[in-house]
Amino acid sequence: MTTPITNPRPVTTPITIETHEPVGNLMVDSRLVEFINEEALPLAPVARERFWEGFATLFNQFSEDNRALLEERDRLQGAIDGYHQEHPGVPDPTAYQQFLRDIGYLHDEPTRVWARTHHVDEEIAQMSGPQLVVPITNLRFSINAANARWGSLYDALYGTDAISEQDGAEPGRAYNPVRGERVIAWARGFLDRAVPLSSGSHADVVEYRAGRNFKAKLTSGEVVGLTDKDAYAGYRGSPDAPTGILLKNNGLHIEIQFDAESPVGKTDMAGVSDVVMEAAITTIMDFEDSVAMVDGPDKVIGYRNWLALNDGTASEEMEKGGRTFTRTLSPHLSFTTPDFSTMELNGRSLMLCRNVGHLMTTPAVLDEQGRELPEGILDALVTSLCALPGLKSNDENPSASQNASIYIVKPKQHGADEVAFTSRVFAEVEDILGLERNTIKMGIMDEERRTTVNLMACIEQAVDRIIFINTGFLDRTGDEIHTSMAAGPMIRKAEMKSATWMKNYEDWNVDVGLAAHLPGRAQIGKGMWAMTELMADMLETKGAHPLAGASTAWVPSPTGATLHATHYHEVDVRERQEDIMKQGRRATLEGLLTIPLAPATDWTKDERRNEVDNSCQSILGYVVRWIEQGVGCSKVPDISDVALMEDRATCRISSQMLANWIRHDVVSADFVVDSLKRMAKVVDQQNAGDPSYLPVTPSDSEGSFEDSIAWLAARDLVLEGTKSPSGYTEPILHARRREFKARHGLV
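Residues numbered from 1 in each chain as written. Predicted model: local features only at pLDDT ≥ 70, side-chain atom pairs only at ≥ 80, totals over all residues. Heavy atoms only, no water.

A. Highlighting the overall build of the protein chain. Counting its secondary structure elements, the protein chain contains 24 helices and 26 strands. In terms of C-alpha radius of gyration, the protein chain reaches 26 Å, essentially the compact-globule figure of 27 Å for 747 residues. Summarising its shape, the C-alpha atoms of the protein chain cover approximately 80 × 65 × 60 Å along the three principal directions. Considering the protein chain as a whole, with its 747 residues, one finds that 61% of them fall into the buried category. If you take every contact in the protein chain between residues at least 6 apart in sequence, the share linking residues at least 24 apart comes to 73%. Total accessible area on the protein chain stands at roughly 28700 Å², and carbon and sulfur atoms take up 48% of it. When the 73 basic and 109 acidic side-chain charges of the protein chain are each reduced to a single mean position, those positions are 1 Å apart. (Helix = DSSP H or I, 4+ residues; strand = E, 2+ residues; numbered from the N terminus. Rg over C-alpha atoms; globule rule 2.2 N^0.38 Å. Buried < 20%, exposed > 50% of the residue type's maximum accessible area, 1.4 Å probe, protein only. Contact = heavy atoms within 4.5 Å. Areas by Shrake-Rupley, 256 points an atom, 1.4 Å probe, with all protein chains shown as cover. Lys, Arg positive; Asp, Glu negative; His and termini not counted. Charge placed at Lys NZ, Arg CZ, Asp CG, Glu CD.)

Written as structure tokens, this is what we have:
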């Protein structure tokens, strides 16, 4: 029988030292060494000897500082736990703030912080639009995300619930003209809102013409232009019979495409075959929450894919509709401008790279005592090395960055000292790789409470690198629960989105970003839409993000990006940000520090059971794929069989909520374990069609739930949730995944 983890600080399975080789005083996984020597360094202007000398120096210089930062987290959390044990319940706001200042958790906000990041690509500095997040270990997803800069609005509407299926509008296998008519009507209405004609409607156009001026002939015979003449950007084909007309609104392009012979175009009186949106302006290629990388070989898969994306060689053989083809990265798009010159637009999303946080260590790099060293330090160096080919543009490989910058999103940082540490690591990496100072830009994820309350100080520590802040509300909720774990029982998960701290958090992030003058140099972002199949609901609600002053927001798919792009045509984000700045700071520190404690815990047994079952099913449904299949992010059906995009952040919320309720006797540990056993049957049924799935429920009376490493991981996440650093799921998941790989001989 495998026992629960009692010390969830990063733990390991035994490392076979024969798979490592010496680098200075370190031991480095030989497969990682081979990848760097044979694949990455040949594409970089860095000598092998210089790189490996810098590699050893980097770890020797920063590993102990990294450990010290984690010890400081533990000290602060211990002090906060002690405070709440002495002062249970909702604390006095004044006394609580003073306590947080006294222990060094809360600092005075610096004044006159002004972002001064240089050489930032326009997709980050000037444009507002959707942002994709994609697991770097899945090359097919990564290529699709990079190519999601442009997306078919017709396809996005036709293939999702954005268009109702009622009254004969079902999608079906063959083209349904009833559904097609509704798609066309929706798209024409969108064009009327985004790029209106000077008279009439796009729905009444029988012919579009290009050339020096945009012209549209209506059913009445009237020929009209655009309300905003500057919205006409160019065309493809001939002026009298264009194959595409390019329009622009709020900094984003729309292409009306024409093909009178296509199934759609031949039914359209203007021959319009599609409306193509400039959609995923930026994409985060993720090495963190959406992946399951636990050792050297796993890291090499991610690094190899990131290198291929940057040098332009990424390709993947795919099968669709019985046809096999090779998917590659999109080239630039070429248009003729109104003055008859040639204009090229980027065919790819600008790529950012999310490294891991400071907590995790990796068996890929060991010190002289055989201890694992910080994975974040490894990521900083190797992802930057792999990004170097993307800094040089040519016709065969349009560069990842037109301004020769490397964009790294750094998650799970706690406060300004940790941001300053990251900046120092980036500076050393720049020296190793021979890069100019501040080539490596930093995205700060505002997803830990200590970062939120000190956000301006965090930005100040990265003032020459900052290109991104966002509200990662999922992880932020997990940290909210864990930080105040000892204060009392928390409100239910569904109530968190309307809690006082959450409203202040969302406004605070934008307020601080605007006060630090991020617009024009950095993105202000909002979080993920997790309900991948509910695009109608997304269209109805996610427009709130640009209205909130966010220049970007996360979407789970290229289709989601195409639909979400419509919101940025309806809201001029820069104008909205100026309006918000005129209002002054809206959020307050007191509101931000309002702990979401339940006023009473007199829920019925059924209410408790439903809440616990919901969380247990969510945890187990996610964990079985993470542990057994190495899938870090996927569409996981919830207890009602609604597909949700799950990653470690959603798992963190559920496990921390249950750990909190157990601690404060809302439910017992046995009550939760019983739920995990019952929910195992639900998860088994939901995965019955997956031939690689291993059932969690014992097949006979001699079996045990504890035979399933995935079930043990789910149990540990809850029962050890109060001990896990900051409530993070990674230490337990990594340990159990390595255990699974060792048991099944997976390399």
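B. Molecular detail of a negative patch on the surface. Negative charge collects at one region of the surface, where D161, E165, D167, E170, D537 and E540 lie side by side. Structurally, E540 is set in helix 15 (residues 535-541). (Patch = residues over 30% accessible without salt bridge, like charges linked within 9 Å, V, L, I, M, F, W, Y side chains within 5 Å. Salt bridge = Lys/Arg side-chain N within 4 Å of Asp/Glu carboxyl O.)

C. Representation of the pattern of salt bridges in the model. As enumerated under the stated definition, the model contains 53 salt bridges in all. Between E288 and R354 there is a salt bridge, with the nearest N and O atoms lying 3.3 Å from each other. Of this pair, E288 sits in the loop between strand 12 (282-286) and helix 8 (296-311) while R354 sits in strand 17 (residues 350-354); the two residues are 66 residues apart in sequence, bridging distant segments of the chain. The same class applies to E288 as to R354, namely buried. Between E372 and R738 there is a salt bridge whose closest N-O contact spans 2.8 Å. Of this pair, E372 sits in strand 19 (residues 372-374) while R738 sits in helix 24 (residues 730-744), and the two are 366 residues apart along the sequence. With relative accessibility at 11%, the residue E372 sits in the buried group. Residue classification places R738 among the buried residues on the basis of a relative accessible area of 6%.

D. How the structure looks around the packing of helix 9 (residues 375-387) against helix 10 (residues 416-433). In contact at an axis separation of 10 Å, helix 9 and helix 10 are set at 45 degrees when each is read in the N-to-C sense. By the angle class used here, helix 9 and helix 10 are oblique. In this structure, the crossing between helix 9 and helix 10 has a hand that is right-handed. Of the residues in helix 10, those in contact with A380, L381, S384 and L385 of helix 9 are V425, F426, V429, I432 and L433. Residues that form the contact of helix 9 with helix 10 fall into these classes: eight nonpolar, one polar and no charged. (Axes fitted to C-alpha atoms, helices over the stretch in contact; angles between N-to-C directions. Parallel < 35°, antiparallel > 145°, perpendicular 65-115°, else oblique. Left-handed = near helix turned anticlockwise from the far one by under 90°. Nonpolar A, V, L, I, M, F, W, Y, C, P; charged D, E, K, R; others polar.)

E. Looking closely at the environment of T160. For T160, the position within the fold is in the loop between helix 6 (153-158) and helix 7 (177-194). It is 7.1 Å that separates the C-alpha atoms of T160 and E533, two residues lying 373 residues apart in sequence.

F. Structural detail: the nonpolar core. Ranked by internal contacts, the top residues of the largest apolar core, which has 206 residues, are F51, F55, Y208, W306, L433 and V623. Of all the elements, helix 2 (residues 48-86) adds the most residues to this core, at eleven residues. Among residues more than four places away in sequence, those in contact with V623 are C651, A710, A713, A714, L717 and L733. Among the nonpolar cores identified, the runner-up in size contains 14 residues, and I124, A125, L350 and M528 belong to it. (Core = buried A, V, L, I, M, F, W, Y, C linked by side-chain atoms within 4.5 Å.)

G. Here's a closer look at the sheet that holds strand 5 (residues 205-209). Ordered by their spatial adjacency, three strands build an open sheet running 5-6-7, and the pairing between neighbours is antiparallel. Each having just a single partner strand, strand 5 and strand 7 (223-224) make up the two edges of the open sheet. With four bridges connecting them, strand 5 and strand 6 (residues 215-218) associate as antiparallel partners. Among the inter-strand pairings, V205 is bridged to a residue of strand 6, identified as L218. (Pairing = 2+ DSSP bridges.)

H. The arrangement of the confidence of the model for the protein chain in detail. The share of residues in the protein chain with pLDDT of 70 or more is 98%, and the mean pLDDT across the chain is 95. For the stretch residues 1-14, pLDDT sits under 50, and the model shows 43 contacts to residues farther than four places along the chain or on other chains. (pLDDT = per-residue confidence, 0-100.)

I. Up close: the pairing of strand 3 (residues 131-135). Of all five residues in strand 3, five are buried, a share of seventy percent or more. Residue alternation in strand 3 divides its side chains into two sets, Q131, V133 and P135 and L132 and V134, and both sets are buried. Here five bridges tie strand 3 to strand 12, and the two strands are oriented parallel to one another. Note that in strand 12 the partner of L132 across the bridge is T283. Bridge count between strand 3 and strand 24 (residues 552-555): two bridges; the pairing is parallel. Residue pairing for strand 24: L132 is matched across the bridge by V555.

J. View of the sheet that holds strand 1 (residues 20-23). Read across the sheet, four strands follow the order 1-2-18-19 without closing on themselves; strand pairing throughout is antiparallel. Lying at the two open borders of the sheet, with one neighbouring strand each, are strand 1 and strand 19. Taking each pair of neighbouring strands and ignoring which way they run, the sheet shows an average axis angle of 60 degrees.

K. Spatial organisation of the packing of aromatic side chains. On inspection of all chains with the given rule, the structure shows 16 aromatic pairs. Measuring from ring centre to ring centre gives 4.3 Å for Y83 and F99, while their planes differ by 20 degrees; the resulting arrangement is stacked. Taken together, the residues span a long stretch of sequence, with Y83 in helix 2 and F99 in helix 3 (residues 93-102) at a distance of 16 residues. Of the two residues, Y83 and F99, both sit in the buried class. Taken together, a centroid distance of 6.4 Å and an interplanar angle of 20 degrees make the contact between W186 and F190 stacked. Taken as a pair, W186 and F190 lie in helix 7 at a separation of four residues, close to a single helical turn. (Phe/Tyr/Trp six-rings, centres within 6.5 Å; stacked < 30°, edge-to-face > 60°.)

L. Spotlight on the side chain of K412. For K412, the position within the fold is in the loop between strand 20 (406-410) and helix 10. Within the structure, the side chain of K412 is placed 3.1 Å from the side chain of D289, a separation counted as a polar contact. (Polar contact = N/O pair within 3.5 Å; in protein donor to acceptor, adjacent residues only side chain to side chain.)

M. Examining unusual backbone geometry more closely. Located in the positive-phi region is D167, a residue other than glycine, with phi close to 55 degrees. With respect to the helices and strands, the residue D167 is situated in the loop between helix 6 and helix 7. Residues other than glycine seldom take positive phi values, yet A404 does so here, at roughly 55 degrees. For A404, the location among the structural elements is in the loop between helix 9 and strand 20.

N. Focus on the side chain of D379. Within the secondary structure, D379 sits in helix 9. On the accessibility criterion, D379 (0% relative accessible area) is buried. Residues within four places of D379 in sequence aside, it is in contact with F287, K299, Y303, N355, V356 and S384.

O. Region of interest: the state of the cysteines. As enumerated under the stated definition, the model contains zero disulfides in all. Residue C353 stays outside any disulfide, its sulfur separated by 8.8 Å from that of C386, the closest cysteine. For C353, a relative accessible area of 0% gives the class buried. As a non-bridged cysteine, C651 has C616 as the owner of its nearest cysteine sulfur, 11 Å distant. (Disulfide = S-S within 2.5 Å.)

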